[in-house]
Structure formats: structure tokens, C-alpha cells
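Architecture and fold: a report
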Amino acid sequence: MTDTAQAGPGRRRLAAHCRRITEAPSFGMGVFLVILVNAGLMGAETYSGLAASQGRVLQLAEDGCLVLFTLEMVLRVGSYADRPKAFFRDPWNIFDLLIVASAFLPFLRSNTTVLRLLRLARVLRTARFLPHLRILLLAVGRSLPGTASFLFVGALVVYVYAMVGWVCFAHSDPQHYGSIGRAALTLFLLTTLDGLTDAVRAGLEISRFSVLYYASYALLASFVLVNVLIGVVLNSLDEAREMEEADARARERAGREADAADEVRERIAAARVALDDLEASLDLVRSAPPAAPGPRDPKEREPGRRPGQPPSRTATMPLNTPM
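Residues numbered from 1 in each chain as written. Predicted model: local features only at pLDDT ≥ 70, side-chain atom pairs only at ≥ 80, totals over all residues. Heavy atoms only, no water.

So, about a nonpolar patch on the surface. Taken together, the side chains of Phe 152, Val 153, Leu 156, Tyr 159, Val 160, Met 163, Val 164, Trp 166, Val 167 and Ile 180 define a hydrophobic patch exposed on the protein surface, amounting to about 920 Å² of accessible area. Broken down by element, the nonpolar patch gets its largest block of residues, nine residues, from helix α12 (residues 144-169). Its place among the elements puts Val 153 in helix α12. Using a relative accessible area of 37% as the deciding quantity, one classes Val 153 as partly exposed. (Patch = residues over 30% accessible without salt bridge, like charges linked within 9 Å, V, L, I, M, F, W, Y side chains within 5 Å. Areas by Shrake-Rupley, 256 points an atom, 1.4 Å probe, with all protein chains shown as cover. Salt bridge = Lys/Arg side-chain N within 4 Å of Asp/Glu carboxyl O. Helix = DSSP H or I, 4+ residues; strand = E, 2+ residues; numbered from the N terminus. Buried < 20%, exposed > 50% of the residue type's maximum accessible area, 1.4 Å probe, protein only.)

So, in C-alpha cells, the structure goes:
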């Protein structure tokens, strides 16, 4: 039996009412604007003069944003009143609940730095109301395993080239290749091709073979590895888009099933009301006293008398009449 089937009619009505509010486009746009206002207030607090002169106003505005965020969370929790477990199946619901609830924890409110970081995390909630941004964040999360492999390969390439650079250029250019750490830092900065021309010129003064060193590194690190990283991210982006579309179809299908289930429940409730009315009418008929028999109609036909035949004398004669 599902959670919806176990929920009472009151909880179902509450969930349906809250769901109509939270699924309205104006509700999402309003919460999105409150998030932007909250981000603007955080930026305004960085100006010491403004924070000193308008500190009370900024604090009241921050409290107002917190009240609106709390009201939004209450409505979102209420929309799952008929199926509470489904609320925690959505990662965004858990993220929003933790961010909003953390503002009421005493030990977090006393720590200004942690509280500001938590307020900054509210800006990430804009991804909930921007589907494309949500897809990008999901793609970044799914690309982390591939990115970790890319970082390992990139670190290996930088380490090998740094060792070769230390062997070849340590005595001639100790500022850039005097140690493995300096050589790795130099090569990491060359990954963006910034300063590659100066490095090649300095290498030519040492040996003409330094061109092969820098050319092979630029080709491998700046083109091959970067393109591999782009491929990993694009692949994750396609997967994230497919997952988002699948979730949208699942939510739409669940909405249709919920509407169909509500319609069936309404029909069952109407049938029960009609049956109760019929039972009440039947009980009323059974409890009514039987009607008393009235005087016999003289025109009523006697048993065995044909139509048009006058009633017999015995039937019309009084009982006390002497024969």
C-alpha cells in the first residue's frame, strides 16, 4: 500500500492545496527574486559605511528573507503531506531543508563566518528554478569521476616533463627549473599557453632541442588533455540532460496518476454517500407503521362473481335480519 493510500482525506486535501501553490509559476519566480534580494543584501554588507549606517535596515531585510524562505519550506513540506517519504527522495528538497533549517540552529547563528557561508549557499538554490543551470550542476557532479582521472593523467604528464626540464634547464634557468616544484609550477602555467613564447626563446638560448620539449608539451597538455576534459564534460552534460528529461516525464506521469487516483477516490466517496442515502431511505421505510385497513367498498367484486352480476343477497343482507 502506498503512502498516498494510507493518507487520510485531510492530508490529501492539504497536500493538493500546497501543491497547487508551489507548482505555480508565480511562486517559483517569487522565491527566485527573494534569493536574488538575499544575495544583494550580502553584497551590501561588505561596504563598511553602508553596514554601519543602515545595519538595522539590512538586518530587518535579512530576517524578512528568512521568514519567506521558512514559509516556502513549510509549503513544500506540506505539498508532501500525503506521501512524506517522497519528500526526502528529491536531493533538492534535502538541500533546501538543510540550508533553511541551519539558520535556526543556535551554535550556527552565533558564528558569523559560518552563518555568512550558509547564507551564501542560498544563492545556489537558484539552480532549482533555472532548469539549464540545474542541468549544468548535475553535469559537473557526474563528470567528477572522469575529471579525477583527467587530473591524475595531467599530473603524471606534468611530473614527467618537470623532471625532464629539471635535468635539462636546472643549471641554465634555476628560477624556473631549479627544483621539481618550480618546474611543475612553470609547466602548469604554460598549460594555458600564457608565456610560452618567452619560454621558447629562453630555451633556444640554451639548446635548439628545447623547441621539441615545449612543442610536445604544448601539444599534449594544452590540446590533447584539455580536449579530453571537454569530452568528459560534454558526455556528462548529455547524461544530465537525459536524466532531467526522465525526471520531468516521471513527475508528469506521477501527476497524472495522482489525478486519476483522486478522481477514483472522489467517485468512490460519491458512491458511498449514495449508498448511505439508500440505506437511510430503506431504514425509514422499514420503521414506518403499516396502514390500517379501511371500510370495504360495496362495489368490490365478490369472489366468484362475474363482472356486471349484482351482488348476492347473502352478501348484502345484514347479519341480524331474521330469515
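Don't stop here, the text continues.
Our next topic: the packing of aromatic side chains. Under the defined criterion, the tally for this structure stands at nine aromatic pairs. Seen from their ring centres, Trp 92 and Phe 95 are 6.0 Å apart, and the 90° between their planes marks the pair as edge-to-face. A residue pair is termed a helical-turn pair when its members lie 3 or 4 positions apart in one helix, as Trp 92 and Phe 95 do in helix α7 (residues 91-102) at three residues. Judged by its relative accessible area of 23%, Trp 92 falls in the partly exposed class. Seen from their ring centres, Tyr 213 and Tyr 214 are 5.1 Å apart, and the 80° between their planes marks the pair as edge-to-face. Judged by relative accessible area, which is 9%, Tyr 213 ranks as buried. Take Tyr 214: its relative accessible area is 5%, and that puts it in the buried class. Put simply, the rings of Tyr 161, Phe 169, Tyr 177, Tyr 213, Tyr 214 and Tyr 217 pair up and form one aromatic cluster. (Phe/Tyr/Trp six-rings, centres within 6.5 Å; stacked < 30°, edge-to-face > 60°.)

Let us now look at the pattern of salt bridges. Taken as a whole, this structure holds four salt bridges when the rule is applied. Put simply, Arg 76 and Glu 72 hold a salt bridge, and the shortest N to O gap is 2.9 Å. Taken together, the residues span about one helical turn, with Arg 76 and Glu 72 both in helix α5 (residues 55-78) at a distance of four residues. Accessibility assignment for this pair places Arg 76 and Glu 72 in one class, buried.

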